[in-house]
Amino acid sequence: MMELIFEYSPLGMFVLLLILLFLGVPIAFSLAFTGVIFALIMWGYDSTALFTSGAWNIMNNYTLIAIPLFIFMSILLEKSNIIADLFDSVYKWSGPLRGGLAITVIIVGAIVGAISGVVAAGVIGLGLIALPQMMRYKYDEKLSLGSIMAGGTLGQLIPPSLNMVVYGAMTGVSVSSLFAGGLSAGIILISFFIIYILFVAYKKPNSAPALAKEDRASMNEKMKSTKSVILPLILIILVLGSIFTGISTPTEGAGVGVIGTILIGIFTQRLNWEKIKNSMFESGKMTGMVAWILIGAATFSAVFSGVGGNQLVSQLASQAPGGKWGVLIFAIAFIILLGMFLETMALIMLAAPIITPVIVEAGFDPLWWGVLFMLVLQMAFLTPPFGFAIFYLKSAVGEKVKIGRLYNATIPFILIQLIAIIIIILLPFTVTWLPNLISP
């Protein structure tokens, strides 16, 4: 009987996890509860050491110190209204262009991603700032919502990315190299998004009209608004430059970002002690949430591995038709499937240790696969039923937009991401040239 239970335990763990998620149990506690229950069934009370050691290992991972620092940086930026300044500046320059507001959303989403690496900040910030403007100028709702969700999720790829920090910590792939590869992939995706927006805008002019002449900014207004983005751009160069050149580790780079953000806020008189104190409190809460997700995922992953789940997935991948390409397709499908239900950080903790060794064994470059993994994960932010970008934007727009319309708006951008994935698979150098240039 126990042999039968052991054989079907990996499947049973996923079934129980999905049941808990559909019941509304938070992801961190769903993962931990599933791991604990199956460990107790299989190994009894002696298995409790597994949970404490897993939590201890997560909390003592030096690379993960970057997470609270980047979160703190993101909240400070929100308190400083820098996202609003960025949107205002880019939109004044792009106003005369059809689809200019939607293109502004994509560009600002990328810049916000490069400053903070937190997807929620990008999607919610753009939803509150950009959507009213797009509706005012009678932009197509589907294009508006889709561009906000797609632009806001660029923080997943554009470094510094919290998920890349976690992936690097789990797999041993250099976080700095992942950042460089993510920048290359991000530029490809930004280009595709902008091409799509221009195509829609010029095919259906009424769906994304240019601003009326009387609403366009003068050259003086454009130059004045540009001044507000100079300091944030300097901050990006400081953070990424220090990481790419090897002057600092990603964790130290995050510290540079926090100090730089505080200095910018003080210099522009947008931060005071009260805002800094509130930001520390909010970042502590968010970091606690992330930490529980990591601990829950570590518990689930350890038990899943102990009951033979890793071997089962490896066996299924090796039996996929088509040799190493079959293994790759299986791995991508595996991540997409998990991405429909799991929060991305939990997904990394579960899937990366399982699937990455299989991919490397099949002969693929671990850095290239890491960037591809991140690109697939970004798609998971938009993929129903639990695409987190959808729910972030829903929280920003409230009852004004039905959830079904948000789901519908993601479809074109999911297809664009699939095209980008195919290109990166066929042309690996598109994401490896920059990491190789920086660290030959």
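Conventions we followed
Residues numbered from 1 in each chain as written. Predicted model: local features only at pLDDT ≥ 70, side-chain atom pairs only at ≥ 80, totals over all residues. Heavy atoms only, no water. Helix = DSSP H or I, 4+ residues; strand = E, 2+ residues; numbered from the N terminus. Expected span 1.5 Å × (residues − 1). 1 Å grid on protein atoms, 1.4 Å probe; cavity = no way out; pocket = protein on both sides within 12 Å on 5 of 7 lines; lining within 4 Å. Points joined across faces, edges and corners; volume = space filled by probe spheres on them. Nonpolar A, V, L, I, M, F, W, Y, C, P; charged D, E, K, R; others polar. Core = buried A, V, L, I, M, F, W, Y, C linked by side-chain atoms within 4.5 Å. Buried < 20%, exposed > 50% of the residue type's maximum accessible area, 1.4 Å probe, protein only. Contact = heavy atoms within 4.5 Å. Phe/Tyr/Trp six-rings, centres within 6.5 Å; stacked < 30°, edge-to-face > 60°. Salt bridge = Lys/Arg side-chain N within 4 Å of Asp/Glu carboxyl O. Arc of directions from axis to C-beta. Axes fitted to C-alpha atoms, helices over the stretch in contact; angles between N-to-C directions. Parallel < 35°, antiparallel > 145°, perpendicular 65-115°, else oblique. Left-handed = near helix turned anticlockwise from the far one by under 90°. Patch = residues over 30% accessible without salt bridge, like charges linked within 9 Å, V, L, I, M, F, W, Y side chains within 5 Å. Areas by Shrake-Rupley, 256 points an atom, 1.4 Å probe, with all protein chains shown as cover.

Participant: I would appreciate a short explanation of helix H11 (residues 219-244) in the present structure.
Facilitator: Because each turn of an α-helix spans 3.6 residues, side chains separated by three or four positions in sequence point in the same direction. Here H11 is 26 residues long and its end C-alpha atoms lie 35 Å apart, about the 38 Å a rise of 1.5 Å per residue gives. Immediately beyond the C-terminal end of H11, within one or two residues, lies Gly246, with a positive phi of roughly 85 degrees.

Participant: Mind showing me how you'd approach the layout of surface pockets here?
Facilitator: A water-sized probe, rolled over the atoms, reveals where empty space remains. The computed volume of the second largest pocket comes to approximately 340 Å³. As for the second largest pocket, its lining consists of 16 residues, and the residues nearest its centre are Leu11, Phe14, Phe334, Leu337 and Leu338. Of all the elements in the fold, those that place two or more residues in the lining of the second largest pocket are helix H1 (2-22), helix H14 (309-318) and helix H15 (323-339). When residues in the lining of the second largest pocket are grouped by element, the largest group, five residues, is from H1. Here the residues of the lining of the second largest pocket sort into 15 nonpolar, one polar and no charged.

Participant: Looking at this model, I keep getting lost on the nonpolar core. Mind explaining?
Facilitator: As a rule of thumb, soluble globular proteins bury nonpolar side chains together. In terms of nonpolar packing, the biggest core is built from 150 residues, with Trp369 and Phe373 touching the most fellow members. In terms of residues, this core owes the most to one element, helix H10 (residues 175-203), which gives 13 residues. Setting aside residues up to four positions removed in sequence, Trp369 forms contacts with Tyr167, Leu328, Ala331, Ile332, Ile335, Ile355, Thr356 and Ile359.

Participant: Sorry, what's going on with the packing of aromatic side chains here?
Facilitator: To describe a pair of aromatic rings, you give the distance between the ring centres and the angle between the ring planes. Here the structure, examined in full by the defined rule, presents eleven aromatic pairs. Seen from their ring centres, Phe29 and Trp292 are 5.9 Å apart, and the 45 degrees between their planes marks the pair as tilted. Taken together, the residues span a long stretch of sequence, with Phe29 in helix H2 (residues 27-43) and Trp292 in helix H13 (residues 273-306) at a distance of 263 residues. Taking relative accessible area as the criterion, Phe29 reaches 46% and is therefore assigned partly exposed. Ring centres 5.0 Å apart and planes at 45 degrees place the aromatic pair Tyr167 and Phe373 in the tilted group. Taken as a pair, Tyr167 in helix H9 (residues 162-171) and Phe373 in helix H17 (residues 366-380) lie far apart in primary sequence, 206 residues in all.

Participant: What's the story with the pattern of salt bridges in this structure? I'm lost.
Facilitator: Any two side chains of opposite charge can pair, so long as their charged atoms come close to each other. Summed over all chains, the structure comprises two salt bridges. A salt bridge links Arg405 to Glu141; the shortest N-O distance between them is 2.6 Å. With Arg405 in helix H19 (residues 403-426) and Glu141 in helix H8 (residues 141-152), this residue pair connects regions lying 264 residues apart in the sequence. With a closest N to O distance of 3.8 Å, Lys277 and Glu274 form a salt bridge. With a gap of three residues between them, Lys277 and Glu274 both fall in helix H13, about one helical turn apart.

Participant: Where do I start with the environment of Lys277 in this structure?
Facilitator: Take Lys277: its relative accessible area is 39%, and that puts it in the partly exposed class. On a C-alpha basis, the gap between Lys277 and Leu76 in space is 9.9 Å, while along the polypeptide they are 201 residues apart.

Participant: Would you explain the environment of Ile148 in this entry?
Facilitator: Mapping Ile148 onto the fold places it in helix H8. When the C-alpha positions of Ile148 and Ala389 are compared, they lie 9.1 Å apart, and in sequence the two are 241 residues distant. In this structure Ile148 touches Val105, Val123, Leu126, Gly127, Ala130, Leu131, Met134 and Leu393, once residues within four positions along its chain are discounted.

Participant: Help me understand helix H18 (residues 388-397) in this model?
Facilitator: The complete set of buried residues in H18 reads Ala389, Ile390, Leu393, Lys394, Ala396 and Val397. Down the axis of H18, the buried set is contained in an arc of 160 degrees. They therefore lie on one face. With its phi angle positive at about 65 degrees, Gly398 sits one or two positions after the end of H18.

Participant: Just to check I follow, could you spell out the packing of H15 against helix H16 (residues 344-361) for this structure?
Facilitator: To characterise two packed helices, one gives the angle between the axes of the helices and the distance between these axes. Across the interface, H15 lies against H16 with an axial gap of 11 Å and an inter-helix angle of 175 degrees. Between H15 and H16, the angle falls in the class roughly antiparallel. Residues Val327, Leu328, Phe330, Ala331, Phe334, Ile335, Leu338 and Gly339 of H15 form the contact with H16, whose own contacting residues are Leu347, Ala351, Ile355, Val358 and Ile359. Partitioning the contact of H15 with H16 into residue classes produces twelve nonpolar, one polar and no charged.

Participant: Would you explain unusual backbone geometry in this entry?
Facilitator: It is generally the case that most residues other than glycine have a negative phi and that most peptide bonds are trans. Here Lys138, not a glycine, exhibits a phi torsion of approximately 60 degrees, which is positive. Relative to the assigned elements, Lys138 resides in the loop between helix H7 (119-136) and H8. The exposed category is assigned to Lys138, whose relative accessible area is 65%.

Participant: In this structure, what is going on with the environment of Gly253? I would like to understand it.
Facilitator: Mapped onto the secondary structure, Gly253 falls in helix H12 (residues 250-267). Residues in contact with Gly253, not counting those within four places in the same chain, are Val239, Ser242, Ile243 and Ser248.

Participant: For this particular structure, what's the right way to read the side chain of Thr410?
Facilitator: Secondary-structure assignment places Thr410 in helix H19. A relative accessible area of 2% places Thr410 in the buried class. Other than its neighbours up to four places away in sequence, Thr410 contacts Met149, Leu382 and Ile390.

Participant: Before we go on, may I ask you to explain the packing of H10 against H17 in this structure?
Facilitator: It is at 9 Å that the axes of H10 and H17 come closest, and there the two elements cross at 50 degrees. On the basis of their axis angle, the class for H10 and H17 is oblique. Judged by the twist between their axes, the crossing of H10 over H17 is right-handed. Residues Ser177, Leu178, Gly181, Gly182, Ala185 and Leu189 of H10 lie in contact with H17, whose contacting residues are Leu367, Gly370, Val371, Leu375 and Gln378. For the contact of H10 with H17, the residue count by class is six nonpolar, five polar and no charged.

Participant: Looking at this model, I keep getting lost on a nonpolar patch on the surface. Mind explaining?
Facilitator: A cluster of nonpolar side chains, Leu11, Val15, Ile19 and Leu23, forms an exposed patch at the surface whose accessible area comes to about 410 Å². The topology assignment puts Leu11 in helix H1. By relative accessible area, Leu11 is classed as exposed at 55%.

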